[in-house]
Amino acid sequence: MAENVDAKIVIIGCGIAGIAAAHRLVKSGFTNVQILEATGRSGGRIKTGRLGNTMIEIGAAFIHGPSEENPVFCLARDYNLLDPKTLTPENQAVDVGEYPPLVPNWFTSSGQKVNPDDMNPALDLFHVLLENTPQSKSHKQRSWPSVGDFLRSEVRRRTAKRWKDKDKHTRQLLLGAISTMLKEECCSSATHSLEDLDLVGFSMYLSIKGVDCTFPSGSEGLISNLMSELPADLVSYSRPVRCVHWGCSESGVNAVTVECEDGEKINADHVIVTVSLGYLKKHHSTLFSPPLPGQKLKSIEKIGFGTCDKIHVEFESRWWDADCEIIYLVWDDEKDISDHVSDISKNWVRKISSFNVVESSERGSHVLCGWISGHEAEHMETLPEQEVRRSITELIHRFTGDLTIIPKRIECTRWFHDPWTLGSYCHPAIGCSAQNFKNMMEPLPTRGKQQPLQVMFAGEATHPCYYSTLHGALLSGWREADRLISHYSKTSPLHSDQKS
Ligand SMILES: Cc1cc2nc3c(=O)[nH]c(=O)nc-3n(C[C@H](O)[C@H](O)[C@H](O)COP(=O)(O)OP(=O)(O)OC[C@H]3O[C@@H](n4cnc5c(N)ncnc54)[C@H](O)[C@@H]3O)c2cc1C
């Protein structure tokens with residue numbers, strides 16, 4: 001690698017992908033790197049907050065698969081951000097797929113606390129099915145285009161025999177638990193319904209070994225550590241980009257001009273775009289001039305981007321078991337197996353599948369994190385805080401049968417209405433293929449004699465198998481930095497050559 005490369009590189013977005021790209025470029029000798037960030041902070045979808053005295057994660061909370069293969073785990077370990085249990089070889093060796101074993105409490109909508117063992121048949125069946133979704137286009141796939149179709153039809157088929165001898169109430173409860181699991185999976189995939197998830201596309205996601213862990217002092221610690229190793233003036237905050245003019249050169253020197261909302265124009269040799277897929281879906285036609293090529297537009301359309309929100313609720317005291325890690329809610333009055341609700345404005349709260357118990361070092365902290373996805377989450381985001389509080393209080397009263405439980409504080413996330421994200425993370429929507437993810441990461445221009453690598457793409461939705469995650473986003477940033485590093489090592493001495 002040539003030292004002190006002065007090619008001008010503008011990175012749009014200061015989330016983990018943008019920071020990772022900048023970090024690698026700066027460490028490799030690039031001296032002219034600038035990040036333009038729309039908001040007043042770095043981190044993007046990594047955002048740590050507080051509810052009372054308890055630390056909460058507004059965005060990403062978990063390292064999925066904390067082991068050597070996961071670069072977020074390795075960084076967090078090197079920055080000393082993890083607790084000792086996470087670092088043990090045993091913890092790293094566990095292969096749990098996507099389902100870390102959590103100690104559950106189960107409550108039903110008729111106010112009953114159910115023995116967790118009684119719900120195991122539903123849990124076991126659901127996980128077996130989900131881990132064995134068909135991975136190739138077979139004749140069966142035509143009858144099951146979506147993950148939802150496959151799961152619902154297989155649950156019906158298998159339980160018809162297996163649960164035949166169970167009484168009506170037990171069967172209803174187990175099927176209700178299946179609906180709860182479907183809703184939980186909607187949160188994992190940030191989708192409205194599993195009917196929107198492509199059955200074959202679903203198996204593109206790869207999990208990494210290790211029991212999911214959190215950052216005990218907050219995920220923003222990862223950001224502050226990385227940022228501390230970058231020049232202080234590298235990021236321009238509150239600097240939204242309006243348009244990337246590529247494919248020609250206004251000044252005759254640089255191939256790309258980045259136009260900011262405030263009218264300023266910045267010339268660059270390369271631009272790395274890391275804005276969310278939600279942002280690209282809404283703004284691609286104004287964000288790029290000339291417009292993006294057809295293949296890129298098709299991928300932006302085909303890959304889904306949905307909402308998963310969190311509802312943090314603080315209580316005066318604990319009403320769940322001391323060892324409980326997750327509370328599942330089962331509606332025992334629903335006839336069909338379903339992951340979405342009818343009449344969203346009235347029933348949105350039925351979409352909440354579960355509450356995680358938030359671990360805290362704070363004494364006397366009793367905070368739960370509820371999960372909600374899809375149009376129900378998007379509706380919740382429009383409601384006044386008092387309305388959300390009233391609905392959550394009623395929900396808890398109904399499931400516990402205890403009218404004395406009153407939430408102390410409530411805070412819900414609003415990722416769909418965040419103008420710089422417009423949702424939570426991506427998923428393989430119906431008809432989405434591996435090619436769509438490959439097209440997402442393709443730099444522009446794709447061919448011709450123009451200067452190469454004018455516009456490059458990073459961010460979670462550009463990773464072919466770790467999309468939707470922190471490690472996918474981080475790796476995508478490194479990938480694009482490496483593309484430039486390798487480009488300049490091939491063409492070195494670069495700048496004079498490149499610019500003439
Ligand atoms: C509720 C929630 C929970 C999650 N939980 C987990 C989890 O537990 N584990 C996990 O691995 N992942 C999780 N994720 C996903 C993870 O947070 C993301 O995959 C990752 O943070 C995305 O990083 P990124 O850099 O690709 O995008 P972002 O973090 O979105 O960064 C993009 C940046 O671009 C900026 N931007 C947008 N438009 C412009 C513009 N026009 N001009 C300039 N700047 C602009 C934005 O402000 C933002 O800072 C979660 C996400 C959400 C929302």
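Residues numbered from 1 in each chain as written. Predicted model: local features only at pLDDT ≥ 70, side-chain atom pairs only at ≥ 80, totals over all residues. Heavy atoms only, no water.

Some remarks on the sheet that holds strand E6 (residues 104–108)
Here seven strands make up an open sheet; going across it, the order is E7-E6-E17-E18-E19-E16-E20 and the pairing mixed. Of all strands in the sheet, those bounded by a partner on one side alone are strand E7 (113–114) and strand E20 (409–412). When strand E18 (residues 354–357) meets strand E19 (residues 367–373), the two strands line up antiparallel, connected through three bridges. Pairing of Asn356 across the sheet is with Cys369, part of E19. Packing of helix H5 (residues 116–131) onto the sheet brings it into contact with E6, E7 and strand E17 (326–330), and relative to E6 it is tilted by some 90°. Packing of helix H8 (residues 168–189) onto the sheet brings it into contact with E6, E7, strand E16 (308–314), E17, E18 and E19, and relative to E17 it is tilted by some 120°. (Pairing = 2+ DSSP bridges. Helix = DSSP H or I, 4+ residues; strand = E, 2+ residues; numbered from the N terminus. Contact = heavy atoms within 4.5 Å. Axes fitted to C-alpha atoms, helices over the stretch in contact; angles between N-to-C directions.)

Notes on the site of the ligand
Taken together, 37 residues form the shell around the ligand, and within it Glu37, Arg45, Phe62, Val241 and Leu470 come nearest. Contact distances for the ligand include 3.1 Å between a nitrogen atom and a backbone N or O atom of Ala38. Arg45 is positioned with one of its side-chain polar atoms (N or O) 2.7 Å from an oxygen atom of the ligand. With the chains in place, 98% of the 1,000 Å² that the ligand exposes on its own is no longer accessible. Mapped onto the shell around the ligand, the elements with two or more residues apiece are helix H1 (16–27) and helix H16 (470–491). When its residues are assigned to classes, the shell around the ligand shows 21 nonpolar, 12 polar and four charged. (Near = heavy atom within 4 Å. Polar contact = N/O pair within 3.5 Å; in protein donor to acceptor, adjacent residues only side chain to side chain. Areas by Shrake-Rupley, 256 points an atom, 1.4 Å probe, with all protein chains shown as cover. Nonpolar A, V, L, I, M, F, W, Y, C, P; charged D, E, K, R; others polar.)

Observations regarding the packing of H5 against helix H7 (residues 147–162)
Pairs of packed helices are described in terms of their axes, by the angle between the two and the distance that separates them. The interhelical angle for the contact between H5 and H7, taken along N-to-C directions, is 135°, at an axis separation of 10 Å. With respect to H7, the axis of H5 lies oblique. Taken as a pair, H5 and H7 cross one another with a handedness that is right-handed. In this structure, H5 uses Leu125, Phe126, Val128, Leu129 and Leu130 to contact H7, whose residues at the interface are Val147, Phe150, Leu151, Glu154, Val155, Arg158, Thr159 and Arg162. The class makeup of the residues in the contact of H5 with H7 is nine nonpolar, one polar and three charged. (Parallel < 35°, antiparallel > 145°, perpendicular 65-115°, else oblique. Left-handed = near helix turned anticlockwise from the far one by under 90°.)

Quick word on the packing of aromatic side chains
Across all of its chains, the model carries 12 aromatic pairs by this definition. Each ring, one from Tyr205 and one from Tyr467, has its centre 5.7 Å from the other, and the planes form 70°; the classification is edge-to-face. Separated by 262 residues along the polypeptide, Tyr205 in the loop between H8 and strand E8 (213–214) and Tyr467 in the loop between strand E22 (455–457) and H16 bring together distant segments of the chain. Taken individually, Tyr205 and Tyr467 each receive the classification buried, so the pair is uniform in this respect. Look at Phe315 and Trp320: their rings are 5.8 Å apart centre to centre, the planes differ by 70°, and that puts the pair in the edge-to-face class. Each member of the pair, Phe315 as well as Trp320, is classed as buried. One aromatic cluster in this structure is built from Phe107, Phe315, Trp319 and Trp320. The lysine or arginine in question, Arg24, covers the ring of Trp478, its NZ or CZ lying 4.4 Å from the ring centre. Just above the ring of Trp331 sits the side chain of Arg350; from NZ or CZ to the centre is 4.0 Å. (Phe/Tyr/Trp six-rings, centres within 6.5 Å; stacked < 30°, edge-to-face > 60°. Buried < 20%, exposed > 50% of the residue type's maximum accessible area, 1.4 Å probe, protein only. Lys NZ or Arg CZ within 6 Å of the ring centre and 35° of its normal.)

Remarks on the nonpolar core
Grouped together as the largest cluster of nonpolar side chains are 46 residues, with contacts concentrated most on Ile11, Leu25, Phe30, Leu222, Ile272 and Leu484. With eight residues, H16 is the single largest residue contributor to this core. What Ile272 contacts, discounting residues up to four positions off in sequence, is Ile9, Val10, Ile11, Ile12, Ala21, Leu25, Met456, Ala458, Glu480 and Leu484. Grouped together as the second largest cluster of nonpolar side chains are 36 residues, Leu36, Cys426, Leu444 and Tyr467 included. (Core = buried A, V, L, I, M, F, W, Y, C linked by side-chain atoms within 4.5 Å.)

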